[in-house]
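What follows is each chain in one-letter form.
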Amino acid sequence: MNVAVVGCGYWGPNLIRNFSGLADCQMKVICDLDIKRLNHLKALFPAVEISTSFKELVARQDVDALVIATSASTHYAMAKQSLLAGKHTFIEKPMATSSAECDELVQLAADRDLTLMVGHTFLYSAPVRRIKQIIDAGEIGELRYISARRLNLGLFQRTINVTWDLAPHDISIILYITGALPHSVNCQGNSHITKGVEDVTSMCINFNQGLFATVQNSWLDPRKVREMTIVGSRRMIVYDDVQPLEKVRIYDVRVDTPPHYDTFAEFQFSYHYGDSVIPYVKQEEPLKVECQHFLDCIRTGGRPLTDGVHGAQVVRILEASTRSLHENGASVQLHGSDVGAAVAVPEPARLISA
């Protein structure tokens, strides 16, 4: 299977490296407007061909799958051309800049029986998959709320705000581990560096039965923070992706209320403090797992874990956050087609064993 990568800037070289290292595909062509960048990567990967013309690349019959790692504003147009040309398509996050664009791409792929996958890499990381297994097994009890923080100093952008830049990671994880879709979104933020481009935001994603998730993002924080706290009725999980090894820790702590009491004076909260456990998690590069999963889905016709529907759901939440920002943090409802159907995607066997 011949693969081409479009976009050789920040993330593209990582995709080129991983596809080049897989035995069951050939990294055929890399494409970018910067010829110096192409020549540099050609020196690192001598077997690849280089091109500065996306139009010519799409027309090539010897390319089976196209990987798009360009700026978000170009994702829709490039992916549409790729699908119309009959190529399996992998798009880096976010999938597009509007839900309407996402829906069109999903339909194009379905009509042509092509694999469409979105690069939500964290769903292919062993720590996130282990957290999903813990929650599904009922080890932490009923989910109560999730708090995510993704902060750092920069990298500032001018075309998208910090929510569109950083929040897709956490939104994707939240949708995955809850197996649910939200009914409304609130978001507040401010622009301190570039007028009209929020560099600090705080989002609340609301689900049924009282479950909610908060996502805090910033390009103006002195430290790099990649942390998610998942609170259950029996136990709690802290996922710290900055930690090199011990990324997941389970805390056996909770607060209980008495089942019955006769007077207010008899009412007492009960605080349970147990052990904290660090489960073993096998370390493997998530991007390698993701790239292999894309190839496996093409060969088997299986549904990707991060397919176009998942990518569209993330974009719908981002759209709602933008509307909420413009309405001073007002709640934006997600109804019916706004969130799509909640369809469970079976965990691929190759991921479970990874």
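Refer to the preceding data block for the structure.
Engineer: Would you take a moment to explain the overall build of the protein chain for this structure?
Structural biologist: A count of helices and strands for the protein chain gives ten helices and 15 strands. Here the C-alpha atoms of the protein chain give a radius of gyration of 22 Å, agreeing with the 20 Å that 2.2 N^0.38 yields for 354 residues. With respect to the three principal axes, the spread of C-alpha positions in the protein chain is 80 × 45 × 40 Å. The proportion of buried residues among the 354 residues of the protein chain is 51%.

Engineer: Could you clarify how one ought to interpret the sheet that holds strand β6 (residues 116-119) in this entry?
Structural biologist: Read across the sheet, six strands follow the order β3-β2-β1-β4-β5-β6 without closing on themselves; strand pairing throughout is parallel. The two strands at the open ends of the sheet, each matched to only one other strand, are β3 (49-51) and β6. Going from strand to strand, the sheet's axes swing by 20° on average, the running direction of each strand aside. Summarising the sheet, strand β5 (residues 88-92) and β6 pair through four bridges and their orientation is parallel.

Engineer: Is there a simple way to think about the packing of helix α7 (residues 162-178) against helix α9 (residues 308-326) in this case?
Structural biologist: Angle between the axes and distance between the axes are the two parameters that describe a pair of packed helices. Close contact between α7 and α9 brings their axes to 10 Å; oriented N to C, the two are set at 125°. Compared by their axis directions, α7 and α9 come out oblique. In terms of crossing hand, the pair formed by α7 and α9 is right-handed. Mapping the contact onto sequence places T163, W164, A167, P168, I171, S172 and L175 in α7 and H310, Q313, V314, V315, I317, L318, E319, S321 and T322 in α9. Residue composition of the contact of α7 with α9, grouped by class: nine nonpolar, six polar and one charged.

Engineer: Is there a simple way to explain unusual backbone geometry in this structure?
Structural biologist: Most peptide bonds take the trans form, and the phi angle of most residues other than glycine is negative. In this structure, the amide linkage connecting K93 to the following residue, P94, adopts the cis form with an omega of -15°. Considering the arrangement of structural elements, one finds P94 in the loop between β5 and α5 (99-111). A cis amide bond links G154 to the next residue, L155, at an omega of -5°. In this structure, L155 sits in the loop between β7 (143-153) and α7. Phi angles above zero are rare outside glycine, and D113 is one such case at about 55°. The residue D113 is located in the loop between α5 and β6 in this model. Note on D113: relative accessible area 70%, which makes it exposed. Phi at N328 is positive, roughly 55°, even though this residue is not glycine. Mapped onto the fold, N328 is located in the loop between α9 and β15 (332-333).

Engineer: What is the right way to read the packing of aromatic side chains from this model?
Structural biologist: Aromatic rings in a pair are described by how distant their centres are and how their planes are angled relative to each other. All chains considered together, the criterion is met by five aromatic pairs. Among the aromatic residues, those joined into a ring-pair cluster are F19, F90 and F294. Across from the ring centre of Y176, 5.3 Å away, lies the NZ or CZ of K132, which sits over that ring. In this structure, R150 packs its charged tip against the face of F122, placed 4.8 Å from the ring centre.

Engineer: Hey, could you run me through the environment of M203 in this one?
Structural biologist: Residue position: M203 is located in strand β9 (residues 200-206). Of the residues examined, M203 reaches a relative accessible area of 1% and is grouped as buried. Those residues within four positions of M203 in sequence are excluded, and the remaining contacts are T163, A167, I171, V185, N186, C187, A213, T214, V215, I317 and S321.

Engineer: I would appreciate a short explanation of the sheet that holds strand β8 (residues 184-190) in the present structure.
Structural biologist: Each strand in a sheet pairs with another by means of backbone hydrogen bonds, the pair being arranged parallel or else antiparallel. Pairing in this open sheet of nine strands is mixed, and the strands run β14-β13-β12-β11-β7-β10-β9-β8-β15 from one edge to the other. Either end of the sheet is taken by a strand with one partner, and the two such strands are β14 (270-277) and β15. The strands that helix α6 (residues 126-136) touches are β7, β11 (220-232), β12 (236-240) and β13 (248-256); relative to β12, the one it contacts most, it runs at about 175°. Across the sheet, α9 is in contact with β8, β9 and β15; its angle to β8 comes to roughly 55°.

Engineer: Explanation requested: the nonpolar core in the structure shown.
Structural biologist: One broad trend across soluble globular proteins is that nonpolar side chains are buried collectively. Formed by 94 residues in total, the largest nonpolar core has its most connected members in F19 and I230. Beyond its immediate stretch of four places on either side in the chain, F19 contacts V3, C25, M27, V67, C291, F294 and L295.

Engineer: Got a minute to help me understand α6 in this structure?
Structural biologist: Side chains three or four residues apart in an α-helix point the same way, a direct result of the helix having 3.6 residues per turn. Within α6, eight of the eleven residues are buried, leaving the element largely enclosed by the surrounding structure. Residues A126, P127, V128, R129, I131, K132, I134 and I135 constitute the buried set of α6. A positive phi of about 80° marks G138, the residue just after α6.

Calculation rules
- Along each chain, the written sequence defines residue order, and numbers are assigned to residues from 1.
- Where local features are concerned, this predicted model is filtered to residues with pLDDT of at least 70; where side-chain atom pairs are given and counted, the filter is 80 or more; whole-chain, interface and lining totals use all residues.
- Side-chain calculation: all heavy atoms of the structure are included, whereas hydrogens and water are not.
- Helix and strand assignments come from DSSP, with helices taken as H or I runs of at least 4 residues and strands as E runs of at least 2, each series counted from the N terminus.
- It is over C-alpha atoms that the radius of gyration is taken, and the globule rule equals 2.2 Å times the number of residues to the power 0.38.
- For every residue, the accessible area obtained with a 1.4 Å probe (protein chains only) is divided by the maximum for its type, and the residue is called buried under 20%, exposed over 50%, and partly exposed between those limits.
- Paired strands, as defined in this entry, are two strands with at least two bridges between them according to DSSP.
- Whenever a helix is involved, its axis is fitted only over the stretch in contact; in every case the axis is a line through C-alpha atoms, and angles between N-to-C directions fall within 0 to 180 degrees.
- These descriptions rest on fixed angle ranges, namely under 35 degrees for roughly parallel, over 145 for roughly antiparallel, 65 to 115 for roughly perpendicular, and the rest for oblique.
- Throughout, a crossing is termed right-handed when the near helix is turned clockwise from the far one, and left-handed when it is turned anticlockwise from it by less than a right angle.
- Here a residue-residue contact requires only that any non-hydrogen atoms of the pair lie within 4.5 Å.
- Any residue outside Ala, Val, Leu, Ile, Met, Phe, Trp, Tyr, Cys, Pro, Asp, Glu, Lys and Arg is labelled polar, Gly included; the first ten of those are nonpolar and the last four are charged.
- Here a Phe, Tyr or Trp ring, Trp counted by its six-membered ring, pairs with any other such ring whose centre lies within 6.5 Å, and the pair is stacked when the planes are under 30 degrees apart, edge-to-face when over 60, and tilted otherwise.
- Cation placement over rings: the criterion is NZ of Lys or CZ of Arg within 6 Å of the ring centroid and within 35° of the ring normal.
- What is meant by a nonpolar core is a set of buried Ala, Val, Leu, Ile, Met, Phe, Trp, Tyr and Cys residues, joined one to another through side-chain atoms within 4.5 Å.

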